[in-house]
Amino acid sequence: MLGRQRAAAVFQQPSHPQVHCAILPCSERLAAAERELAAAQAELASVEARSAELSGQEERYWHSLNEFQLRLQEHMDERDALAHR
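Residues numbered from 1 in each chain as written. Predicted model: local features only at pLDDT ≥ 70, side-chain atom pairs only at ≥ 80, totals over all residues. Heavy atoms only, no water.

Turning our attention to the overall build of the chain. Along the backbone of the chain there are three helices and zero strands. Residues counted as buried form 2% of the 85 residues belonging to the chain. A total accessible area of about 8000 Å² is found for the chain, and carbon and sulfur atoms account for 58% of it. (Helix = DSSP H or I, 4+ residues; strand = E, 2+ residues; numbered from the N terminus. Buried < 20%, exposed > 50% of the residue type's maximum accessible area, 1.4 Å probe, protein only. Areas by Shrake-Rupley, 256 points an atom, 1.4 Å probe, with all protein chains shown as cover.)

Put simply, the chain has an average pLDDT of 85, and 73% of its residues get 70 or more. By mean pLDDT, helix H1 (residues 2-12) is the weakest element of the chain at 55, and helix H3 (residues 26-83) is the strongest at 97. (pLDDT = per-residue confidence, 0-100.)

Before going further, it helps to examine the pattern of salt bridges. Across all of its chains, the model carries three salt bridges by this definition. Residues Arg 50 and Glu 53 are paired through a salt bridge, measuring 3.1 Å at the closest nitrogen-oxygen approach. Highlighted residues: Arg 50 and Glu 53, both in helix H3, separated by three residues, approximately one helical turn. For Glu 53, a relative accessible area of 41% gives the class partly exposed. Taking the shortest distance from any N to any O, the salt bridge between Arg 71 and Glu 67 comes out at 3.2 Å. (Salt bridge = Lys/Arg side-chain N within 4 Å of Asp/Glu carboxyl O.)

Here it is, written out as structure tokens:
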């Protein structure tokens, strides 16, 4: 009989936050869900801002690289033209 009582006590004790949340009244669950949503939305906004910043940096990098390659090619063409004179 003691084993059944111990087993019943274990199942009644919440061991996981979601289990504990299921025991809370609806208003508390709603408030917890709204806090989680607000935190997720804040994190999403932060990630989107960082993504936009990285996209801008990437665009500037490729523009700079393309400009460098163009100038390098112009320089090599001029060098080759002078060498053939």
